[in-house]
Amino acid sequence: MYWVIILSFFSLLIFMMMASNPNNKLITNKNTKRHLLDLLTAYVGGFLFVVTVRLFESGAPDSSFDLFYDVLNGRFWRIGRDNFEDFIFAFIITYIIVFIRNQYKKT
């Protein structure tokens, strides 16, 4: 599941980088560009939330924070495990916050 999240994030990022070139007409609608940028923001928000949660959980005296073991290890990204659930929760909350902010800016 970890690889699905990472590959979809990087494919969306590469697509947005290609579409941002002035001569490209991949995305002609501004609303589509805005929604894709909102998705990228939600991905980053979800990942940063997972890192923050694991960082605070390792504050016990007998444990230490290891980025590879605590966050990037694929074993913790299976459905029903901590990292995946935290990522989905933060992804949805971040997307809702960005959506509400965009609706507020429209008025």
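Preceding block: the structure.
The structure presented is a predicted model; accordingly, all values stated were derived computationally and were not measured.

Engineer: What's the story with the overall build of the protein chain in this structure? I'm lost.
Structural biologist: Within the protein chain one finds four helices and zero strands. When the elements of the protein chain are put in sequence order from the N terminus, they spell out α-α-α-α. Relative to the compact-globule value of 13 Å for 107 residues, the protein chain shows a C-alpha radius of gyration of 17 Å, a clear excess of over 25%. Along the three orthogonal principal directions, the C-alpha set of the protein chain runs to about 55 × 30 × 20 Å. Across the 107 residues in the protein chain, those meeting the buried criterion constitute 31%. When contacts within the protein chain are restricted to residue pairs at least 6 apart in sequence, those whose partners lie at least 24 apart make up 58%. Only carbon and sulfur atoms are counted for the fraction: they give 67% of the accessible area of the protein chain, which is about 7600 Å².

Engineer: Where do I start with a nonpolar patch on the surface in this structure?
Structural biologist: Together, Phe49, Ile88, Phe89, Ile92, Ile93, Ile96, Ile97, Phe99 and Ile100 line one region of the surface with nonpolar side chains, adding up to about 800 Å² of accessible area. Relative to the elements of secondary structure, Ile100 occurs in helix α4 (residues 82–106). On the basis of relative accessible area, Ile100 is assigned to the exposed category, the value being 53%.

Engineer: Please explain helix α2 (residues 30–57) as it appears in this structure.
Structural biologist: For an α-helix, 3.6 residues make a turn, and residues three or four places apart therefore share a direction. Its 28 residues give α2 an end-to-end C-alpha distance of 41 Å, which sits within 8% of 40 Å, the value for a rise of 1.5 Å per residue. Buried within α2 are the following residues: Leu36, Asp38, Leu40, Ala42, Tyr43, Gly46, Val50, Val51, Val53 and Arg54.

Engineer: I keep staring at the environment of Ile27 and nothing clicks. Help me out?
Structural biologist: Within the secondary structure layout, Ile27 lies in the loop between α1 (2–19) and α2. Owing to a relative accessible area of 9%, Ile27 belongs among the buried residues under this scheme. Separated by 12 residues in the primary sequence, Ile27 and Phe15 have C-alpha atoms spaced 9.6 Å apart. Contacts of Ile27, omitting those with residues within four sequence positions, involve Phe15, Met16, Ala19, Thr32, Lys33 and Leu36.

Engineer: Quick question: what am I supposed to make of the side chain of Asn102 here?
Structural biologist: Within the secondary structure layout, Asn102 lies in helix α4. One polar contact links Asn102 to Asp38, side chain to side chain, over a distance of 2.9 Å.

Engineer: Sorry if this is basic, but what is going on with α4 here?
Structural biologist: Helix length check: α4 (25 residues) gives 36 Å between terminal C-alpha atoms against 36 Å at 1.5 Å per residue, within 8%. All of the buried residues in α4 are Asn83, Phe84, Asp86, Phe87, Ala90, Phe91, Thr94, Val98 and Asn102.

Calculation notes
Residues numbered from 1 in each chain as written. Predicted model: local features only at pLDDT ≥ 70, side-chain atom pairs only at ≥ 80, totals over all residues. Heavy atoms only, no water. Helix = DSSP H or I, 4+ residues; strand = E, 2+ residues; numbered from the N terminus. Rg over C-alpha atoms; globule rule 2.2 N^0.38 Å. Buried < 20%, exposed > 50% of the residue type's maximum accessible area, 1.4 Å probe, protein only. Contact = heavy atoms within 4.5 Å. Areas by Shrake-Rupley, 256 points an atom, 1.4 Å probe, with all protein chains shown as cover. Patch = residues over 30% accessible without salt bridge, like charges linked within 9 Å, V, L, I, M, F, W, Y side chains within 5 Å. Salt bridge = Lys/Arg side-chain N within 4 Å of Asp/Glu carboxyl O. Expected span 1.5 Å × (residues − 1). Polar contact = N/O pair within 3.5 Å; in protein donor to acceptor, adjacent residues only side chain to side chain.

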